[in-house]
Amino acid sequence: MTSPSATDMAEPSDIQRLTTLQAAIARAARDHGRDPASVTLTCVSKTIGADRLAPLVAAGHRTFGENRVQEAANKWPALREDARRNGSCLDLRLIGPLQTNKARQAVALFDAIETLDRPSLARALADEIQRAGRAPKLLVQVNVGEEEQKAGVPPRDADAFLAQCRTEWGLPVEGLMCIPPHGQQASPYFALLRTVAARNGLGVLSMGMSADWGLAIQLGATHVRVGSAIFGERPPLRPA
Ligand SMILES: *Cc1c(COP(=O)(O)O)cnc(C)c1O
């Protein structure tokens, strides 16, 4: 590496990119007749080190998404303390798959779990919520593209699973999350998620990423999950 050139110095900081994105999100909400306060930017911080996240926390950003329990456990307790000292309360959200044997750790660590997708996990989360006396908000992940390799409840099973979460385990699910098939037009999938949420009386819709958050806001997203548009491209992920 050579010493920083003038161009490098002019690179916007993470905070500048986050601020610009936040403004663009608010504008998109208004353009679609929505209250900007009804759309939350979840800053997806997977693979990003705590030293790079601390300035965002210090600047007052509250909502972050991580996709691995262990990585979050390594990074977030100290950052949460920083936030508390500044009088701010973080909203740390699990957006990656959760193994049943990590339910205890996830309940202790996260303020929201967006990837509830099967009875065994619902049972484990209900047990841990009872035991810990701490209840993260819960979203059910819907496999909107019915992709073999992707997690989530198939759309046709979503109503029954949501009912079962309520009646069998007393779990108050507040919304739905989806990751549409890669490289396809996302709007029909976002619309499908919204339809399933509406007919189940759910108000929270986590959908839209760096490439399609505007479309997701147009179609009703309350939470957009954006990583690379803030932090740049990530190195390829290691297998879980
Ligand atoms: C990584 C990730 C994101 C963010 O993706 P970008 O394209 O980097 O914005 C959103 N949602 C989930 C579930 C992810 O794993």
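Treat the numbers as computed from the prediction; the structure is a model and nothing was measured. (Residues numbered from 1 in each chain as written. Predicted model: local features only at pLDDT ≥ 70, side-chain atom pairs only at ≥ 80, totals over all residues. Heavy atoms only, no water.)

**Concerning the packing of aromatic side chains**
For the coordinates displayed, the defined rule picks out 1 aromatic pair. Measuring from centroid to centroid gives 4.7 Å for Phe-64 and Trp-76, while their planes differ by 45°, and the two rings are tilted. One end of the pair, Phe-64, is in strand β2 (residues 63–66); the other, Trp-76, is in helix α4 (residues 69–85), and 12 residues separate them in sequence. The two residues Phe-64 and Trp-76 agree in class, both being buried. (Phe/Tyr/Trp six-rings, centres within 6.5 Å; stacked < 30°, edge-to-face > 60°. Helix = DSSP H or I, 4+ residues; strand = E, 2+ residues; numbered from the N terminus. Buried < 20%, exposed > 50% of the residue type's maximum accessible area, 1.4 Å probe, protein only.)

**Things to note about the nonpolar core**
With 68 residues, the main nonpolar core has Leu-116 and Leu-176 as its most contacted residues. Once residues lying within four places of it in the same chain are set aside, the contact partners of Leu-116 are Leu-121, Ala-122, Leu-125, Leu-138, Leu-139, Val-140, Gln-141, Phe-161, Cys-165, Leu-171 and Val-173. Formed by 5 residues, the second largest nonpolar core is a distinct cluster that contains Val-44, Ile-95, Leu-139 and Val-204. (Core = buried A, V, L, I, M, F, W, Y, C linked by side-chain atoms within 4.5 Å. Contact = heavy atoms within 4.5 Å.)

**Side note on the layout of surface pockets**
Roughly 920 Å³ of volume is contained in the largest pocket. For the lining of the largest pocket, the class distribution of residues is 14 nonpolar, 11 polar and 5 charged. Put simply, the second largest pocket is a space of about 360 Å³. Contributing to the lining of the second largest pocket are 18 residues, with Thr-40, Leu-41, His-61, Arg-62 and Thr-63 lying nearest its centre. Taken together, the elements giving at least two residues each to the lining of the second largest pocket come down to α2 (14–31), β1 (40–44) and β3 (91–94). Per-element tally for the lining of the second largest pocket: the top contributor is α2, with 4 residues. Residues that form the lining of the second largest pocket fall into these classes: 5 nonpolar, 7 polar and 6 charged. (1 Å grid on protein atoms, 1.4 Å probe; cavity = no way out; pocket = protein on both sides within 12 Å on 5 of 7 lines; lining within 4 Å. Points joined across faces, edges and corners; volume = space filled by probe spheres on them. Nonpolar A, V, L, I, M, F, W, Y, C, P; charged D, E, K, R; others polar.)

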